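The residues making up each chain are set out below.
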Amino acid sequence: FLKQDLEMGEIETELEHYDGRNYQTAVLYRTLLFPQRSGDIVIDPAHFEAVLRVRNRAQVRSIFDDFFDSYTTATKSLTAPSVTIHVSALPAGKPADFSGGVGQFNISSKISKTELEANEAVTLTVTIQGSGNMKLLKNPAVDWPEGFEVYDPKVTNNFKTTTSGVSGTKTVEYLAIPRAGGTYTIPAVQFAYYD
């Protein structure tokens, strides 16, 4: 798995009824998991120590005990059991430009100018928006015409991570300079993903 821990903030408790008794429960840890292979994957048990504040029970109680309770701390060792997750394989026949994107995405592009002089820079901006394994998306390939000098793209990620996954935008800016005059066509940028 590619693992991404989620920010928990302050731990909050809530009342939960289980097996005939009431308990105060809290979520201590949350993570998003992105499987990197198919098959059965076992997540090992989680072990941790809990330090609890326990009220001392006096043998003889008086009215003042409610105002002057005393507490001790107790340590409890807890284990969350292992879990097996079955990950289905992606279907066969993937397109040649598939780079591992899984989710729901839209792609759009814009160019800074359509008329320019030789040796003048132009910027092609490609934006992928959606939800899924956004952090694993590769930059789409651009098939630049012959005679363009192309620089490394500038990538801006604007992702939001929640318990339902990762969503947002990935913006890739390609800077290129045509070295000779003429009319050029930049082919459509292809982006294949699995929904």
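Residues numbered from 1 in each chain as written. Predicted model: local features only at pLDDT ≥ 70, side-chain atom pairs only at ≥ 80, totals over all residues. Heavy atoms only, no water.

**Student:** Is there a simple way to think about the pattern of salt bridges in this case?
**Tutor:** A side chain with one charge may pair with a side chain of the opposite charge, provided their charged atoms come close. Taken as a whole, this structure holds three salt bridges when the rule is applied. Arg179 is the salt-bridge partner of Glu149, the closest N and O atoms lying 2.4 Å from each other. Here the residue Glu149 occupies a position in strand E11 (residues 148-150), and Arg179 occupies one in the loop between strand E13 (165-178) and strand E14 (192-194), the gap between them amounting to 30 residues. Overall, Glu149 belongs to the partly exposed group, its relative accessible area being 32%. Among the ionic pairs, Lys154 bridges to Glu173, the shortest N-O distance being 3.7 Å. (Salt bridge = Lys/Arg side-chain N within 4 Å of Asp/Glu carboxyl O. Helix = DSSP H or I, 4+ residues; strand = E, 2+ residues; numbered from the N terminus. Buried < 20%, exposed > 50% of the residue type's maximum accessible area, 1.4 Å probe, protein only.)

**Student:** So what exactly am I meant to see when it comes to the nonpolar core here?
**Tutor:** One recurring pattern in soluble globular proteins: nonpolar side chains tend to sit buried together. Counting residues in hydrophobic clusters, the biggest one holds ten residues: Val122, Leu124, Val126, Val142, Trp144, Phe148, Val172, Tyr174, Ala176 and Val189. Of all elements in the fold, only strand E10 (122-132) and E13 reach the threshold of two or more residues within this core. Setting aside chain neighbours within four positions, we find Val172 in contact with Leu124, Thr125, Val126, Asn139, Pro140, Pro153, Lys154 and Val155. Phe34, Phe105, Ile128 and Met134 belong to the second-largest nonpolar core, a separate cluster that totals nine residues. (Core = buried A, V, L, I, M, F, W, Y, C linked by side-chain atoms within 4.5 Å. Contact = heavy atoms within 4.5 Å.)

**Student:** In this structure, what is going on with a negative patch on the surface? I would like to understand it.
**Tutor:** Together, Glu10, Glu12, Glu14 and Glu16 line one region of the surface with negative charge. The partly exposed category is assigned to Glu16, whose relative accessible area is 37%. (Patch = residues over 30% accessible without salt bridge, like charges linked within 9 Å, V, L, I, M, F, W, Y side chains within 5 Å. Areas by Shrake-Rupley, 256 points an atom, 1.4 Å probe, with all protein chains shown as cover. Lys, Arg positive; Asp, Glu negative; His and termini not counted. Charge placed at Lys NZ, Arg CZ, Asp CG, Glu CD.)

**Student:** When you look at the environment of Tyr151 in this model, what are you seeing that I'm missing?
**Tutor:** Mapped onto the elements of the fold, Tyr151 is located in the loop between E11 and strand E12 (154-162). By relative accessible area, which is 35% here, Tyr151 ends up partly exposed. Separated by 26 residues in sequence, Tyr151 and Ile177 have C-alpha atoms that sit 8.7 Å apart. Non-local contacts of Tyr151, meaning those with residues more than four positions away in its chain, are made with Leu175, Ile177 and Arg179. Among the polar contacts listed, one links the side chain of Tyr151 to the side chain of Glu149, at a separation of 2.8 Å. (Polar contact = N/O pair within 3.5 Å; in protein donor to acceptor, adjacent residues only side chain to side chain.)

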